[in-house]
Protein chains: 4
Amino acid sequence: MSKRLVLSALARFTAKTAGRNMTKAAYAAVAAGVAAMVVLTVAPAYEAAHHWVDAVLWTCLVYFVFEWLVRLRHMAGQGRLSLYALSSSGVVDAIGALAVPAALLAGIEPRTAWLLSILWVLKVVPGIPGLRQLRRVLVLESGPLLSVLVIFLMVVFLASVAEYFLERDVQPATFGSVPAALWWAVVTLTTTGYGDVVPITPLGRMVAALVMISGLGVFGLWTGILATGFAAETRRDNFLKTWETVSKVPFFATLGPAAIADVTHMLRTMDLPARTMIIRKGQQGDCMYFIANGEAEVELPGKKVALGEGAFFGEMALLGNNVRGANVTTTKVTRLLVLDLVDFRLLMARHPDLAETIDAEAQRRAQENK
Amino acid sequence: MSKRLVLSALARFTAKTAGRNMTKAAYAAVAAGVAAMVVLTVAPAYEAAHHWVDAVLWTCLVYFVFEWLVRLRHMAGQGRLSLYALSSSGVVDAIGALAVPAALLAGIEPRTAWLLSILWVLKVVPGIPGLRQLRRVLVLESGPLLSVLVIFLMVVFLASVAEYFLERDVQPATFGSVPAALWWAVVTLTTTGYGDVVPITPLGRMVAALVMISGLGVFGLWTGILATGFAAETRRDNFLKTWETVSKVPFFATLGPAAIADVTHMLRTMDLPARTMIIRKGQQGDCMYFIANGEAEVELPGKKVALGEGAFFGEMALLGNNVRGANVTTTKVTRLLVLDLVDFRLLMARHPDLAETIDAEAQRRAQENK
Amino acid sequence: MSKRLVLSALARFTAKTAGRNMTKAAYAAVAAGVAAMVVLTVAPAYEAAHHWVDAVLWTCLVYFVFEWLVRLRHMAGQGRLSLYALSSSGVVDAIGALAVPAALLAGIEPRTAWLLSILWVLKVVPGIPGLRQLRRVLVLESGPLLSVLVIFLMVVFLASVAEYFLERDVQPATFGSVPAALWWAVVTLTTTGYGDVVPITPLGRMVAALVMISGLGVFGLWTGILATGFAAETRRDNFLKTWETVSKVPFFATLGPAAIADVTHMLRTMDLPARTMIIRKGQQGDCMYFIANGEAEVELPGKKVALGEGAFFGEMALLGNNVRGANVTTTKVTRLLVLDLVDFRLLMARHPDLAETIDAEAQRRAQENK
Amino acid sequence: MSKRLVLSALARFTAKTAGRNMTKAAYAAVAAGVAAMVVLTVAPAYEAAHHWVDAVLWTCLVYFVFEWLVRLRHMAGQGRLSLYALSSSGVVDAIGALAVPAALLAGIEPRTAWLLSILWVLKVVPGIPGLRQLRRVLVLESGPLLSVLVIFLMVVFLASVAEYFLERDVQPATFGSVPAALWWAVVTLTTTGYGDVVPITPLGRMVAALVMISGLGVFGLWTGILATGFAAETRRDNFLKTWETVSKVPFFATLGPAAIADVTHMLRTMDLPARTMIIRKGQQGDCMYFIANGEAEVELPGKKVALGEGAFFGEMALLGNNVRGANVTTTKVTRLLVLDLVDFRLLMARHPDLAETIDAEAQRRAQENK
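Calculation criteria
Residues numbered from 1 in each chain as written. Chains lettered and ligands numbered in written order. Predicted model: local features only at pLDDT ≥ 70, side-chain atom pairs only at ≥ 80, totals over all residues. Heavy atoms only, no water. Buried < 20%, exposed > 50% of the residue type's maximum accessible area, 1.4 Å probe, protein only. Helix = DSSP H or I, 4+ residues; strand = E, 2+ residues; numbered from the N terminus. Pairing = 2+ DSSP bridges. Contact = heavy atoms within 4.5 Å. Axes fitted to C-alpha atoms, helices over the stretch in contact; angles between N-to-C directions. Least-squares fit on C-alpha atoms with pLDDT ≥ 70 in both. Core = buried A, V, L, I, M, F, W, Y, C linked by side-chain atoms within 4.5 Å. Buried area = accessible area lost by both parts, 1.4 Å probe. Polar contact = N/O pair within 3.5 Å; in protein donor to acceptor, adjacent residues only side chain to side chain. Salt bridge = Lys/Arg side-chain N within 4 Å of Asp/Glu carboxyl O. Nonpolar A, V, L, I, M, F, W, Y, C, P; charged D, E, K, R; others polar.

**Student:** In this structure, what is going on with the pairing of strand E3 (residues 287-293) of chain B? I would like to understand it.
**Tutor:** Residues and elements named next belong to chain B. Judged by how many residues are buried, E3 sits mostly within the fold: six of seven residues are covered. In this sheet, strand E8 (residues 334-340) lies alongside E3 in antiparallel orientation, the contact comprising six bridges. Across the sheet, the residue bridging to Asn293 is Arg335, located in E8. Pairing of E3 with strand E6 (residues 312-313), which is carried by two bridges, proceeds in the antiparallel orientation. By the bridge assignment, Phe290 is partnered in E6 with Phe312.

**Student:** For this particular structure, what's the right way to read the sheet that holds strand E1 (residues 268-272) of chain A?
**Tutor:** Whenever strands of a sheet pair, they do so through backbone hydrogen bonds, lying parallel or antiparallel. Residue and element names in this part refer to chain A. Across the sheet, four strands lie side by side as E1-E8-E3-E6; this open sheet has antiparallel pairing. Unpaired on one side and paired on the other, E1 and strand E6 (312-313) mark the two borders of the sheet. In this structure, E1 lies alongside strand E8 (residues 334-340), joined through five bridges in antiparallel fashion. Opposite Arg268, over in E8, you have Val338 as the bridge partner. Set on the sheet, helix H11 (residues 202-246) makes contact with E1, strand E3 (287-293) and E8; between it and E8 the angle comes to about 110 degrees.

**Student:** Can you help me understand the relation of the copies chain B and chain A in this one?
**Tutor:** For these two chain copies, the linking operation is a rotation about an axis paired with a shift along it. For these two chains of identical sequence, chain B goes onto chain A by a turn of 90 degrees and a shift of 0.0 Å along the axis, with RMSD 0.1 Å. Accordingly, the operation relating the two chain copies is best matched by a four-fold axis.

**Student:** What am I meant to see in the nonpolar core here?
**Tutor:** The tendency in soluble globular proteins is for nonpolar side chains to be buried as a group. Among the nonpolar cores identified, the biggest contains 240 residues, and Trp184(A), Trp184(B), Trp184(C) and Trp184(D) are the most heavily contacted of them. If you look at the next biggest cluster of nonpolar residues, it comprises 108 residues, including Met288(A), Phe312(A), Val246(C) and Phe312(C).

**Student:** Help me understand the interface of chain C and chain A in this model?
**Tutor:** By a frequent convention, interface size equals the accessible area lost on bringing the separate parts together. Tallying the contact residues gives 46 residues for chain C and 56 residues for chain A. Here chain C packs against chain A, burying approximately 4200 Å² in sum over the two surfaces, 77% of which is carbon and sulfur. Considering only the surface of chain C that becomes buried against chain A, Trp183(C), Tyr194(C) and Arg345(C) emerge as the three largest contributors, covering 16% of it. Taken together, the connections running from chain C to chain A amount to four residue pairs in polar contact (both at pLDDT 80 or more). Element by element, the count of residues in the side of chain C that touches chain A is highest for helix H11 (residues 202-246) of chain C, at nine residues.

**Student:** I would appreciate a short explanation of the interface of chain B and chain A in the present structure.
**Tutor:** With 56 residues of chain B at the interface, the matching set in chain A holds 46 residues. Taking both sides of the interface into account, the surface hidden between chain B and chain A amounts to around 4200 Å²; carbon and sulfur atoms contribute 77%. A salt bridge links Asp196(A) to Arg205(B); the nearest nitrogen and oxygen atoms lie 4.0 Å apart. The tally of links from chain B across to chain A stands at four residue pairs in polar contact (both at pLDDT 80 or more). Ranked by residues supplied to the side of chain B that touches chain A, first place goes to helix H11 (residues 202-246) of chain B with 20 residues. A breakdown of the residues in the side of chain B that touches chain A according to their chemical character gives 34 nonpolar, 15 polar and seven charged.

The following block contains the structure:
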């Protein structure tokens, strides 16, 4: 009987969690858990409220264990158990669920064991927007990045030995060994500069100055590489995201593949929730919109006109008068394609047929609103 | 009677302020007010001149309150009251006018209450050049920027717990709790490195080294993303700004839209006040100018020739002799389109007809000057 | 007799080392040697294990001397002795082999002499991936980089004299001479900020603030220059690397040079070891692959199909269904050309003939798998 | 009689200096002068060698005064006196010549007066390579850069008032007034982080953390803007520099302007001194060279062939065999146009006629060398 309850709970829960990667509940749990763990380490605060802190920690732990089991069961049901268990998110879930208990069972002092709950933050990773993009950049640029890292390490080693040799007699306490000098070198080359270890001999300071300047260089290279990678990646992402949608818009259906590729380079996708105002009457406007899917509503004087998939609006702003003539609001979750004024001009120039279609439509509407 | 005076004052003032976002007077008031507030906090200086300081502060306050009321009245007059009151600048004006009085009425110690006058600097924001551009970049790139921020925070949390675990026994004073360690982590990951909290255990230092290097990474990603966004945004802005103007220059009127788009990519707009020298005789020159609107004056030997909208000059420099042959000065506020030597060459290559027009004109002038 | 042994050893060793720039053994030796040298400087650790440390150091030294001699002999054999001896790697090998012994013979205290073994890390340089690329960027951008450096130095000098003048009376200990102020200036302009030397007079702090802000500027310029250089360099490298391969793929052989240049811009090379899984069944896929050389194996239900040079796979993912239909694994070391979805679309648009070939092939395979 | 001597000296000196902006002598004088000034401030060093130091300083001063007078005279001779006197370099020369004497006459303590000799470094500015380029970037991007600066200042002010409010009671010594807090804010926002002023209250540290993160943001924006500006500027510079030369090379003379613009985008100019080895036999080569002006010499077996303006070499490397077949050396100062392998391929693709010319020439030479 109680088994039935649990099972139904599982069922409901599964339906909720299994789909998306993280539920709002899970995010809340991570936040609460980490916060509680932080409080745990502040003696006075913990004394004051250890009941609450413990309660929160245990609740979160139970939640994550439960979530993990549900997912395992769910995946097992689909015969993808091993696939999930070995996937990064699977491993993260497992760690989140098992690390703390394992530590507690291992007899580690509780307040230390609970520190492992920091690993829960890893559960957030898959949910980070554009993380995939970041990873791709790092992978593609790994070559140069790696070489910069190697150069970084070589500078660190050479500099630290030099400083050790120059400073050891004057400051045996801080430069008494190469490891100590290495600490100095890293702190300096990253331009962190704690100031706990500082060369004082003239020669030592010259070496240090060189290291700092190399630090700027390393920075520069690093950034230069990443900037380059990003530029390429961003172009690629926008293109992919947009292409899917463009090819679905009837308005562009007539175009050949070359033209579509062309258009795709110009459009930007934008996803809006329901009842969001896209255009406010009287505002300045410098872009027009195509509805990829969803629906928008134009508030014309007296009546409201609904625009469905493939419809476009805001083109008036690009044909002379820059001031928006009416409010436009989404009625359901809507994906728009945004065409900036600048690209609009280019597009019109390259594809006169499109220009005509839009002009005609604009005329028609102008008539109507009269 | 006095009412009339105030009203007329209001009228004049409205005419002055309502249009532009900030009057010179307002900028001065912000500067003076903030300066006075700063002095207010320096005990000796304030003792010496508290009359003056108070006078300045109160004057500024009155000014801002007055300005706010005027604007409210003005907008109410146009029936845009709510629109303004809720707009960012409206809110800023309200804060500027009400924050300090509210604090004073709330019985807060005056010298503390006046600190709120720092909020006056917010009035400068709308006047920042290219702020809109900055905002657009941040919005468009918000996705990756956000993910970098999340990564930043994760590193901070993981690192601080690790350091807390490694250092708490050795340095209970500085690493005695995770919040303390968090402070260390932020200071380190941003490569600020105050040096007030520094790991001393070997393991702790290794973790710290990793954090610093990640710091470089975060920097790099951040910059890479922004650099990418900027490149795109700058192109877009120039294009828009120029297109408007180009299409107005008769010289380019003959071109088809494709060619105009082409030209637009090459030209740069430049706005000059009256009586500014554009070209100085005898200088090296590597660009030519088109007058979008306004007027310029060429000082030929003996006579002065006025060039009106659509005229161009400086083309000699691009056709052989690099040295400017005459002074050219603006006679009124003028918007110029600048064409660099490099783009001039491309343009001539792509649009021979333009080349001819310019050559012909150049010939004619050469004749004349003989 | 023993001579024979040595010679055969030499022969074998030569064969192993002479070809590649660094053997795995050499990398290990560098790592071990440097590690040992580091331990050498940590008094307690050295006391504990000085036999081991000395053993490791001497072994590495012998190894490097031996390696150097072998290489000299090998090059002499090919009559390229002087070429090698004077090449950067030749010099590095010589230093690695002779520095420490020279120091020891010169009667320098051993623990100091061994510090020179840090120079062994230089042997790693030639092996750094993408180092050549880095060098090219630095060379091409040397002009602007140099001017930034000059500006950097000028700011340092001007600022330090100013600070010396402003702070010398208040802090004779730290700002007592211009060299001391120079130290402060470098530490500040690189935003390292140790905090060992800090201005305290109001004017001195204003100057310092300016220096810090210039620091950001220097950073920015530096990075901007390098980023620009990198963008260009990366494009160039990929192009070169790919062109070689593309022209070897029969599939593209039919294309004219212009089209090949076009394709080359789109493809990315990827080198894989044997038995690496390229495509996992059920994954999302957004690129297709061409085999430049090597071999891959498709696991179709029931049978395994081998794909040789010039074959392509993964195209299904780009023609409608995004889910990979089968595992593909390399059977030997393989160089692939990767075509991203985005470029695939452009390519199809520009070269319809290619599109047909791929479509046809895709159809055929679809048939087969039925 | 002595007048004659001086005049002739003047004459010779004028001829030497007036042309170029800085003579080697002047650079040496600046270096020596600044060095001496630095020594001047180091008490012990100065005691030891004050005769020398004074001698150097006075010599440099005399030199600069003399140089300035000569230039004034020279310019007066050409009637460009006022133009020079008011030009930046004229002002710098004047300062260099007059600052120290003025200070000495004003009765300032000599060792302080001589500090002004640091202004001599300003004489180096006009000689910085690519400075013009830097300036152009800063001018073109001044808009966004300025707005970032304004944002920077606003963050500084808001943060410092907040910190002052939060920390003044706990640390009256360091956060006792807003100016003090401003110092902290700048040190923190630039991520310099001396550590002399550090918030200790929890809230204060949170504010500080925000400031540091904004610091990264400011960095990022700054760099992003400059990177963008540089990319554009570099393209422009190369294009200009090359165009001049390309149009002079007969080999390209046959091309139409569009093609020249095309070629220009691909070539890179390189200026070499006499007797420099351009190509070393046996090296890997991935570019070919055109001689814009000057002369190069090919060392073929047995004979030496001289190549004059417009000739090209190194093309074999791009047609199959990558190993250089002969040494090539400049015989006089030579400007080369470098064509990278990648661009070579594109060029051949777009302009088959060029391809043929090069092929033919290559064949001919191959024949010859047989």
